[in-house]
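Remarks on the overall topology
Residues per chain are reported as follows:
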Amino acid sequence: MSILVLGSGQLARMMSLAAAPLGVEVQAVDVSNHKVVDPVTKLVSNHSLDTMLQEVDAVTAEFEHVPEDLLAKMHASGKLKPSAEAILTGADRVREKKLLEKLDIANCPFEIITDIEQLDAAVEKLGEQLIIKASRDGYDGYGQWRMQDKSELAGLKQTLSALDLKKVPLIVEKMLRFERELSLVAVRNTKGQLAYYPLAENLHYQGQLHVSIAPATNVNDALNQQAQQVFNKLAESLDYVGVLAVEFFQIGDTLLVNEIAPRVHNSGHWTQQGADTCQFENHIRAVRGLPLGSTKVTSPTAMINIIGCSSFSREMLSIPGCHLHWYGKTPREKRKMGHFNLVADSYAELALSINELSKHVPLEYFPMLKDEAERLAKL
Ligand code: ATP
Ligand code: MG
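Attention here is on the structure that accompanies the text. From a predicted model like this one, the values you see are computed outputs, not experimental measurements.

**Describing the coordination of the magnesium ion (ligand 2)**
Distances from the magnesium ion (ligand 2) to its protein donors, E247 (OE), E247 (OE) and E259 (OE), fall at 1.9 to 2.7 Å. A residue pair is termed long-range when its members are at least 10 positions apart, and E247 in strand 13 (residues 242–251) and E259 in strand 14 (residues 254–261) qualify at 12 residues. In this pair, the class of E247 matches that of E259, namely buried.

The structure is reproduced here in structure tokens:
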């Protein structure tokens, strides 16, 4: 049994590591040069992409920004899961917003603009506090511009006028004042079987995910069900196969969708140590047509991203329940280099572990740890 992953980064690597015990071999495609590589060793295969495509049982993707010609080729093979439509929906905020509207799923108020002169009307409609997002190729907060008040409008128009909005329209969103960010990671297999992880609470800093706490605290059944219904609608409409993540903003008892990711997701990395079956294994099971594994939580978990930082001692591994996942990438500012999963028997113990961890890492790269430990300790 073998699976080909479009993209050869850390998500393909973690899929491969989770697939090995099932006897499923994972190969990856470097989408920049179409070479086939082992996502763990990074060794380039002797096989061409075409040969590999014939041999594998299924093709999947670790990210949605797959070049269109490559995606079309994979679609034509009949082996791509999730479908090209699902991947394109995650890659293009215009398609995504249209699908959310079609399915009547609550999301953030927005306007689509294809000409910079339409920005004034969008400001009139949505108010002066806005987030403007490129409809394609954005991630980790890249391709986004924020406006706090109208005095910034002229400058923004100047900046944005350099873009080709006919080719890549902008989504202008109202800047929401939400209580917190939650995400649902769930999975559907080729036979339509469904499994959901509990909602995770996500802490962002400068538009980038830093910490996920799972299960999120103070979540009642109604909130989990609201999230699961959104997943069900999306999964059914896209005839979805694999893991799909839905990012939400919580306002009172309501969840508004921020965006969807048709793949394994950073806010699901906690499942590697905190759930019976991790998201990577379940994704492999789903696309390979196997029964899904239990998503039961085994421990409250904190997933802590290691961003832009490469040098620290590994002494934190003495903390009980501390696991390091290091991706082996070249360091760059704001680049995700790896993550920690901390597991504990209670949120109070998790708070203690987070405090312990913060003694071992350069805190300027981990700006959320102190406050989060304090919050969890008070629960
Ligand atoms: P990622 O790859 O980390 O998911 P992204 O580049 O795809 O990020 P978004 O998820 O749309 O972009 O936005 C990043 C973060 O910016 C959100 O998680 C949230 O913290 C903030 N944000 C985005 N849209 C809004 C909004 N309309 N109102 C308030 N905050 C927002
Ligand atoms: Mg996001």
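**A word on the pairing of strand 15 (residues 301–307)**
Judged by how many residues are buried, strand 15 sits mostly within the fold: seven of seven residues are covered. On strand 15, burial covers both faces: T301, M303, N305 and I307 on one face and A302, I304 and I306 on the other are all buried. Where strand 12 (residues 208–214) lies against strand 15, four bridges are found, and the strand directions are antiparallel. Directly across from I213, in strand 15, lies its bridge partner A302.

**What about the sheet that holds strand 6 (residues 130–134)?**
Within a sheet, each strand pairs with its neighbour through backbone hydrogen bonds, oriented either parallel or antiparallel. Spatially, the four strands line up as an open sheet ordered 5-8-6-7, and their pairing is antiparallel. The open sheet terminates on both sides in strands that have one partner only, identified here as strand 5 (110–113) and strand 7 (144–147). With strand direction ignored, the average angle separating the axes of adjacent strands in the sheet is 20 degrees. Bridge analysis of strand 5 against strand 8 (residues 170–174) gives four bridges, and the strand direction is antiparallel. Bridging from a neighbouring strand, I112 pairs with I171 of strand 8.

**Some thoughts on the site of ligand 1**
The immediate surroundings of ligand 1 are formed by 21 residues, with K133, D140, G141, E181 and E259 found nearest. Measuring from an oxygen atom of ligand 1, one finds a side-chain N or O atom of R93 at 3.3 Å. Between ligand 1 and N258 there is a distance of 2.9 Å, counted from an oxygen atom to a side-chain nitrogen or oxygen. When contributions to the shell around ligand 1 are tallied by element, the ones reaching two or more residues are strand 6, strand 7, strand 8, strand 13 and strand 14. Residues lining the shell around ligand 1 come from more than one domain, with at least three contributed by each of domain 2 (109–174) and domain 3 (180–377).

**Description of the environment of A344**
The topology assignment puts A344 in the loop between strand 17 (336–343) and helix 11 (347–358). When its relative accessible area of 9% is taken as the criterion, A344 is described as buried. What A344 contacts, discounting residues up to four positions off in sequence, is S299, P300, E349 and L350.

**A closer look at the pattern of salt bridges**
Per the counting criterion, the structure on display carries 17 salt bridges. In this structure, D50 and K73 form a salt bridge, with 2.8 Å as the shortest nitrogen-oxygen distance. A residue pair is termed long-range when its members are at least 10 positions apart, and D50 in helix 2 (residues 49–55) and K73 in helix 3 (residues 68–77) qualify at 23 residues. Judged by its relative accessible area of 44%, D50 is partly exposed. Classification of K73 by relative accessible area gives partly exposed; the value is 32%. R263 is the partner of E64 in a salt bridge, and the nearest nitrogen-oxygen pair spans 2.5 Å. With E64 in the loop between strand 4 (58–61) and helix 3 and R263 in the loop between strand 14 and helix 9 (271–274), the pair connects residues that are 199 residues apart, well separated along the chain. The class of R263 is buried, set by a relative accessible area of 15%. Among the ionic contacts, a cluster of salt bridges with common partners joins R180, E201, E372 and R375.

**Some points on the layout of surface pockets**
What the second largest pocket holds in volume is close to 210 Å³. For the lining of the second largest pocket, the elements supplying multiple residues, two or more each, are helix 3 and helix 4 (84–91). Classifying every residue of the lining of the second largest pocket gives five nonpolar, one polar and six charged. Looking at which domains feed residues into the lining of the second largest pocket, each of domain 1 (2–80) and domain 2 (109–174) supplies at least three.

Rules used throughout
Residue numbers here run from 1 along each chain, matching the order of that chain's written sequence. Labels are handed out in written order, letters beginning with A for the chains and numbers beginning with 1 for the ligands. With pLDDT at 70 or above as the cut-off, local features in this predicted model cover only qualifying residues; side-chain atom pairs require 80 or more to be listed or tallied, and sums for whole chains, interfaces and linings still use all residues. The basis for every side-chain value is the complete set of heavy atoms in the structure, and neither hydrogens nor water enter the calculation. Water is not part of the atom set, so a site may look incomplete; the donors themselves are N, O and S atoms within 2.8 Å of the metal, or 3.2 Å for Na, K and Ca. Numbering goes from the N terminus for both helices and strands, where a helix is a DSSP run of H or I of at least four residues and a strand is a run of E of at least two. When accessible area is computed with a 1.4 Å probe and restricted to protein chains, residues below 20% of their type maximum are described as buried, those above 50% as exposed, and intermediate ones as partly exposed. Here the rule is simple: two strands pair whenever DSSP picks up at least two bridges between them. Fitted lines through C-alpha atoms serve as axes, helices being fitted only where they are in contact, and the angles separating the N-to-C directions of these axes extend from 0 to 180 degrees. Consider each residue's heavy atoms; a residue with any of them within 4 Å of a molecule or strand counts as near. Contacts described as polar in this section are N or O atom pairs within 3.5 Å, which, within protein, must combine one atom able to donate a hydrogen with one able to accept it, while residues neighboring in sequence count only if both atoms come from side chains. An automatic or database domain assignment supplies the residue ranges for each domain. Contacts are residue-level and defined by heavy atoms, with any inter-residue pair within 4.5 Å sufficient. The term salt bridge refers to a pairing of a side-chain nitrogen on Lys or Arg with a carboxyl oxygen on Asp or Glu at a separation within 4 Å. Points on a 1 Å grid, built from protein atoms alone, make a cavity when a 1.4 Å probe fits but cannot get out and make a pocket when they are open with protein on both sides within 12 Å along at least 5 of 7 lines; residues with an atom within 4 Å of a point are the lining residues. Grid points are joined across faces, edges and corners, and a volume is the space filled by probe spheres set on the points. Under the scheme applied, nonpolar residues are Ala, Val, Leu, Ile, Met, Phe, Trp, Tyr, Cys and Pro; charged residues are Asp, Glu, Lys and Arg; polar residues are all the others, including Gly.

Spatial relationships are all this shows, so hold off on functional conclusions.
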